[in-house]
Amino acid sequence: VDINELKQREAALRSQIGLSEALASQLRELADTDALTGTQSRRAFLERAAEELQRARRYGHSLCVAMLDIDAFKAVNDSHGHGAGDQVLARVAAMCMAQLRDGIDICGRLGGEEFGILLPETELAGAQVSAERLRAAIHDLLFEASGKTFAVSASIGVAVLATPDEGVATLLA
């Protein structure tokens, strides 16, 4: 085999490696993102929560977690249809992400109509203010389905990392 053929094979291999890396990156993005809401998937959220928990422990920083639940969500689906329910989930998630600090706070869909919010380097009082601001913003949203306008409300609980031995599951609970 001459040197030119080897160079062509090497170039083809490099091209395939680049394509494989790009596809792997796309797959990771799909796995890390909830398709309906654009928030982090449950798995990705829990991974980031574990990372932030380790960082808070290491540096002695504050870490808060908020759990957001859309109130009476089953009634939205029953009264207005699942398309309206999907619209509610997507817009609530968008409002959540718009209210959070870009590149710092993390929102993830944990299941159904429940969202987790990580608030790194945030004290309890600041997390409570953020949660109330988000709750009020969600309350002001209006939705439309089948010619009817409706609103939803959300309940948000906030927890702060109190002891270094607490885990993510404890904070979320």
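Coordinates for the structure precede this section.
Only a predicted model underlies this, so the values are computations on that prediction, with no experimental measurement involved. (Residues numbered from 1 in each chain as written. Predicted model: local features only at pLDDT ≥ 70, side-chain atom pairs only at ≥ 80, totals over all residues. Heavy atoms only, no water.)

Some details on the overall build of the protein
Thought 1: The secondary structure content of the protein amounts to 6 helices and 6 strands.
Thought 2: The order of α-helices and β-strands along the protein, N terminus first, is α-α-β-α-α-β-β-α-β-β-β-α.
Thought 3: Radius of gyration (C-alpha) of the protein: 21 Å, far over the 16 Å computed for a compact globule of 173 residues.
Thought 4: Summarising its shape, the C-alpha atoms of the protein cover approximately 70 × 50 × 25 Å along the three principal directions.
Thought 5: Counting all 173 residues of the protein, 34% fall into the buried class.
Thought 6: Carbon together with sulfur atoms contributes 54% to the accessible area of the protein, which is approximately 10,100 Å² in total.
Thought 7: Where the 17 positive side-chain charges of the protein centre and where its 25 negative ones centre are 3 Å apart. (Helix = DSSP H or I, 4+ residues; strand = E, 2+ residues; numbered from the N terminus. Rg over C-alpha atoms; globule rule 2.2 N^0.38 Å. Buried < 20%, exposed > 50% of the residue type's maximum accessible area, 1.4 Å probe, protein only. Areas by Shrake-Rupley, 256 points an atom, 1.4 Å probe, with all protein chains shown as cover. Lys, Arg positive; Asp, Glu negative; His and termini not counted. Charge placed at Lys NZ, Arg CZ, Asp CG, Glu CD.)

Concerning the pattern of salt bridges
Thought 1: The final tally for this structure, using the stated rule, is 13 salt bridges.
Thought 2: Residue arginine 43 pairs with aspartate 32 through a salt bridge whose shortest N-O separation is 2.5 Å. In this pair, arginine 43 sits in helix H2 (residues 42-59) while aspartate 32 sits in helix H1 (residues 3-32), placing the two residues 11 residues apart along the sequence.
Thought 3: Given a relative accessible area of 36%, arginine 43 falls into the partly exposed group.
Thought 4: Between aspartate 78 and lysine 74 there is a salt bridge, with its nearest N and O atoms 2.8 Å apart. With aspartate 78 and lysine 74 both in helix H3 (residues 73-80) and 4 residues apart, this pair spans about one turn of that helix. (Salt bridge = Lys/Arg side-chain N within 4 Å of Asp/Glu carboxyl O.)

Description of the sheet that holds strand E3 (residues 114-120)
Thought 1: Judged by pairing direction, the sheet is antiparallel, and its 4 strands sit side by side in the order E2-E3-E1-E6 without closing on themselves. Both edges of this open sheet fall to strand E2 (106-111) and strand E6 (154-160), since each of them pairs with a single strand only. Between one strand axis and the next, the sheet turns through 20° on average, direction left out of account.
Thought 2: Of the strand pairs in this sheet, E2 and E3 are connected by 5 bridges, and their pairing is antiparallel. Paired with isoleucine 106 across the strands is leucine 118, a residue of E3. (Pairing = 2+ DSSP bridges. Axes fitted to C-alpha atoms, helices over the stretch in contact; angles between N-to-C directions.)

A look at the side chain of arginine 109
Thought 1: Mapped onto the secondary structure, arginine 109 falls in strand E2.
Thought 2: Within the local environment of arginine 109, its side chain forms a polar contact with the backbone oxygen of glycine 112, the two atoms lying 2.9 Å apart.
Thought 3: Residues within four places of arginine 109 in sequence aside, it is in contact with Asp34, Leu36, Thr37, Thr39, Gln40, Ser41, Arg42, Leu89, Glu114 and Phe115. (Polar contact = N/O pair within 3.5 Å; in protein donor to acceptor, adjacent residues only side chain to side chain. Contact = heavy atoms within 4.5 Å.)

The values are spatial; any link to function lies outside them.
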